[in-house]
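Read off the chains here:
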Amino acid sequence: MTTSRNPNRRVILKAGVAGGTLAFLPLWAGAAEAACATLRAGITGYNVINTLDPGQATLIPESYVIWGLFNCLLKFDEGMNIVPDLAISYETPSPTLLRFKLRDGVKFHDGVEMTAEDVKFTLERLRSEEYASPHKSKFAPISDIRVIDPYTIEIETAEPFAPMLSYLTNTRTGSQIVPKHLLENGTPEDFATNPVGTGPFKLQSYEPGAALTLTAHTEYFEEGLPKVQTVNIPLIAEESAGVTALLGGSIDITSTAPFADIPNLAADSRVQVLKKPGTNSRFISLNNAVAPFDDVHFRRALSMAFDRQSMVDVVLFGEGAVANGVIPSSISWAAVKEQPKLTMLDPEAARAEMTKSKYGPGTEAIVLTWGSSWWKRFAEVFVLQVNQVLDVNFKVEVSDSGTVYQRMQSGDVQASIWGWLGLVDPDEYAYEIFHTDGSRNFENYSNPEVDKLLEQARSEMDQSARGDLYRKVEAIVIEDCPILPCFESNVHNLLAAKVTGFVQLPYSAFGAQLATVDNC
Amino acid sequence: MKFSALIKNRTALAGTIITCIFLLAVVFGPMISPWASGGFDFLNVLKPPSWQHPFGTDSLGRDVATRVLEGARISLMISVSGVLGAMILGITAGLFAGYKGGWFDAIVMRIVDLFFAFPAFVLALFLMVALGFGVTNVALAIMLVYLPLFARITRNTTGIVRNDAYVQAARVMGQSTPRILFREILPNISAPILVQASVAVAFGIVIESGLSFIGLGVQPPTPSLGVIMADGQEYFRRAPWVLTLTGLTVTVALLALNLLGDGLRDLADPRLKARDA
Amino acid sequence: MPPHESQLMPQGLKYFLTRFIGALITMLVGTIVVFFVMKAAPGDPALVVLGDFATPETIARFNSDQGLDQPELIQYFNWLSGIVHFDFGQSLSVSKGEDIGDLIAYRLPSTFIIGIYALTIAICLSLILGTLAATKRGTLVDTGATSLAVLGVSMPDFWLGYMLILGLSIGLGWFPSYGFVRPSASVIGALHSGFLPALAIAAPMAAVFTRTLRTSLIENLDRDHVRVALSFGHTGRFIFLHHVFRNSIIPYIVVIGLQIRYLLGGVVIIERIFGINGIGSLMVEAAFARDYYVVQACAVVFLGVVLTVNFAVDLICASLDPRRAR
């Protein structure tokens, strides 16, 4: 069962490594990189990439790279508005029918033209049992896919399904268009490490755990893009190391930045700090089925017993914003605009609320946490404040994300720190977390009124009406308090002083953002 | 080892004094400190050292000096309990092995060799993966790392003295083996063992803080020294004093223990050269 | 008990064989211990790999694919026979599906090079400091050198690493604080990027070497044969090199051999801090990712390296001084 690598690939990999490590040569050694022939863009905070097959990718760094190699029918702009990508235009003749007009002359990395057949193939592959994509369920509402002509395709859903448009954008939903002619007889083993897409870059080499090298796709459909010929992507596990590498001149861009360093870096002339509210939501998940979180008054008391702004200041070093609900503010058309009273610190009201519950001072509970330092701090800050205000005895227990996830799924948990990153449709947040059947509803929360509204929102094709429905849902949910929404964090990119052309997106489409960089 | 001899040797004296100061600080410091140990102060986050906060404040506004003293207590406790466990089991095994010889000795030594074939930190890391992290398991890991060391030293020195006059006399008088081992032999070979014990406690603290530092040992919010340093590492560029001063404290503590160990070694039988771990 | 003199086998060869077989047995027992202890670890490889997709059917399929449904003894033998052919299996999560042997082969050289670099620095430093301390015994130089040595063993190596970063990297900007350039790409780059990590590992070792060398030299300086040589009119330097140093070398080499254990241990954290892609950081990553196969493999590799080095050191010492071949 050992996959044997052929010698040719080893040679290529070694060449790629040599190329990649050249990026680390210190300046004084006299090896300054040529101006912008090679962009060095580090992925920081992660270093594991298992697959670059969009239908199978689940890890964030995988998505970062996939964004540079593939396109979707649509994509988001900086304001999280849907704009064309491979599809020039789309129309909705009926609530269950989406018709896309595709660009012509789009070439895959191997020179073959992309047509509607590839789109149909991509979607059917995602829906197939055999391929077993983690994103399969998202495309289950599709009932039929019809190729009208090589550049026109119709997608029909069984019922009106508003999120489908979001799922067809270039995010982490797996719908990047893959080449039918290479995959129609099954996915070859090496597609995961030698992917072929239509994106601005081609993968030249990949050194697991270390670095990737991309080269420009000369036949990319957007004129003049990409502006750089070669991109070196070192995988730097420690964020702070990425900062040092940037300051030292070994890399030009980082994909993230440590919250603690932002103020210092903003004042540093060697680096430009880009920041934007991110599409993410961090909250405290309470298991509504077990004590002491089975009492709504107790939950409400908790909600008023800590100050979210100081949480942002202390946990994120100020690099974030208080969350008014679970839908991030960057999805502006659906997010709650004002901070609900129940999420504001009010010690007296909290204590009064607690007396209405069956739990009082001295109540014990364990809050699970995991992961990097700021996640652990998140739990600590919550517990410290709540213990002080309500005189309860909560404790933090550190575990790892896999274990916590399992425990949440099996219900073997009281409370835990949790969050979602990079989901782009409010349905993914609200429906999945609050609906009785939601796939992310680990709180055992069930409110039929909320369920009805969420189902309605799913089939409401008018965006502003849809947004209002989600706000109604969140208003009810805030009273029920199944979770305690806390904050959303900013996304950051660090750029070396002379880098220009990099545009930040709230969900960090790193690979795609590299295409417009013109100066390094 | 006489007390007066201890005072005369400068290194041992310095070591003892610093160790005592340190122990006093660790035991009484958190009590007399004006800062609550579990306190937090969100308005005074990451402040540099000042008169109020000699070590500055950390990311939650806690006084670092108080935390360090608490952490030192925890780290010391972990290291000492691990080393004590290692001593109890290791010395017993070593005494019997050195005295009896034969197949028991051979087996014990083989096991010891096996443990010695793993680098100490790698062994500790491996054990943490196998046992899971947390305070007790770190102590357990330290115990398993040092057990073979004490077994070997005890066995070697027992082997050297087992045919000494007083041992033979005890045998002739019909004393039972355990009595001979623990009452006669052990006190006479205690010197190199104690030297190793001080070194072991010192390095045990390093192992614990190392494991906790990378996140595989003691977990927050328990403030062991490694946990405090891990916290300090996150914002090292912005507030380097947390990591620096915590580590400096560890260095001073270890310095004291090492000096003490050196002094003991000088005072003890100079021919009994204990090997460095 | 002295070894039985055989007429057929010379003493040296017998020594060699005994130690070699001993090392092999230790290695074998080591693999058994590593394997079965890892089995006791909390967590399930199936859940680690399958994550979200773990259902009873997928778990059962995974377990049969990986041979995890067989009795543990059989699993051990399969694993052992794999190891003998350098097949350590495939990674669960650190690099899903990748051949662990490839992963290790890629990362071992970095550890090796940093290790040699650290050892070199430690030996150079200790030769200078130890000799100075011994020859200028009792003076300020001696006190200075020994104080440095005690300080060296008192600093946690990762703390020293950060202090070096603070001073020499963030402060003066002389060295990078992250990443290691492989010598295959650039020798100067390797020396430059590897200096701080190597120094952080070397300091405690240098301290121990210095103390040993100093003690050893002092002992030998007092010996009779030195006085005799002096009376013959040999120069101080000649005596030093040929009599004193030569006899002090052996305990020095023994200590170096013993410290290899420490070196490999220190490498683990230092690699993590400085972002060096070596075996140490691989083991830490695997520990976090619950990749039991990789952790096992790393433990076995460390075991093998230490045993090999011990064996080599024994041989060197035996050849330098036949009396040591006990």
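As a reminder, the structure under discussion sits directly above these lines.
Before going into details, it helps to say that this report is about the structure given with it. Counting starts from 1 at the beginning of each chain's written sequence and moves along it residue by residue. Chain A is the first chain written and ligand 1 is the first ligand written, with later ones labelled in order. Local features are withheld for residues below a pLDDT of 70 in this predicted model, meaning they are given only at 70 or higher, and side-chain atom pairs are given and counted only at 80 or more; totals for whole chains, interfaces and linings count all residues.

### Comments concerning the overall build of chain A
- Within chain A, the secondary structure is distributed over 16 helices and 18 strands.
- What you see for chain A is a C-alpha radius of gyration of 24 Å, in line with the 24 Å of a compact globule of 520 residues.
- C-alpha extents for chain A along the principal axes are approximately 70 × 60 × 45 Å.
- For chain A, the residues scored as buried account for 53% of the 520 residues in total. Helix and strand assignments come from DSSP, with helices taken as H or I runs of at least 4 residues and strands as E runs of at least 2, each series counted from the N terminus. Between the two quantities, the radius of gyration covers C-alpha atoms and the globule rule is 2.2 Å times the number of residues to the power 0.38. Each residue is classified by how many other C-beta atoms fall within 10 Å of its C-beta atom, where C-beta atoms are placed from the backbone; a count of 20 or more means buried, 12 or fewer means exposed, and values in between mean partly exposed.

### Quick notes on the overall build of chain C
- Tallying secondary structure elements over chain C gives 12 helices and 0 strands in all.
- Reading chain C from its N end, one meets helices and strands in the order α-α-α-α-α-α-α-α-α-α-α-α.
- Within chain C, the proportion of its 326 residues that are buried is 44%.
- Remark: residues whose backbone-derived C-beta atoms lie within 7 Å of one another are considered to be in contact. Intrachain contacts of chain C at a sequence separation of at least 6 include 69% that bridge at least 24 residues.

### A look at helix α6 (residues 239-247) of chain A
Residues and elements named next belong to chain A.
- Counting buried residues along α6, 9 of its 9 residues qualify, which places the element largely inside the surrounding structure.
- Among all positions of α6, only Glu239, Ser240, Ala241, Gly242, Val243, Thr244, Ala245, Leu246 and Leu247 are buried.
- Tucked inside the fold, the buried residues of α6 contact β1 (38-44), β10 (230-236), β11 (253-254), α7 (262-266), β12 (271-277) and β18 (483-496).
- Positioned one or two residues after α6, Gly249 has a phi angle of 90°, which is positive.

### A word on the interface of chain B and chain C
- Residue-level contacts link 33 residues of chain B with 41 residues of chain C.
- Residue assignment for the side of chain B that touches chain C shows that the elements contributing at least two residues are α4 (102-116), α5 (120-131), α8 (177-214) and α10 (241-267) of chain B.
- Examining the composition of the side of chain B that touches chain C, we find that 9 residues originate from one element, α10(B), more than from any other.
- Note on residue categories: nonpolar means Ala, Val, Leu, Ile, Met, Phe, Trp, Tyr, Cys or Pro, charged means Asp, Glu, Lys or Arg, and polar means any other residue, Gly included. Among the residues forming the side of chain B that touches chain C, the class breakdown is 22 nonpolar, 7 polar and 4 charged.

### Some thoughts on the packing of helix α5 (residues 100-135) of chain C against helix α6 (residues 140-154) of chain C
Residues and elements named next belong to chain C.
- Where helices are involved, their axes are fitted lines through C-alpha atoms of the stretch in contact, as for all axes, and angles between N-to-C directions lie from 0 to 180°. In the contact formed by α5 and α6, the axes pass within 8 Å of each other and the chain directions differ by 140°. Overall, the two elements α5 and α6 adopt an arrangement that is oblique. Of the two elements, α5 crosses α6, and the hand of that crossing is left-handed. When α5 is examined against α6, the residues Leu129, Leu132 and Ala133 are found in contact with a partner set consisting of Val141, Asp142, Ala145, Thr146 and Leu148.
- When its residues are assigned to classes, the contact of α5 with α6 shows 6 nonpolar, 1 polar and 1 charged. Throughout this description, any angle smaller than 35 degrees is read as roughly parallel, any larger than 145 degrees as roughly antiparallel, any in the 65 to 115 degree range as roughly perpendicular, and the remainder as oblique. The sense of a crossing depends on the near helix, which, turned anticlockwise from the far helix by less than a right angle, makes the crossing left-handed and, turned clockwise, makes it right-handed.

### Observations concerning the nonpolar core
- For the purposes of this analysis, a nonpolar core is taken to be any set of buried Ala, Val, Leu, Ile, Met, Phe, Trp, Tyr and Cys residues that are connected through C-beta atoms within 7 Å. Ranked by size, the top nonpolar core spans 329 residues in total, and within it Ala124(B), Leu125(B) and Cys298(C) carry the most contacts.
- For this core, the element with the most residues is α8(B), which contributes 18 residues.
- With sequence-adjacent residues up to four places away left out, Cys298(C) is seen in contact with Ile279(C), Leu282(C), Met283(C) and Ala286(C).

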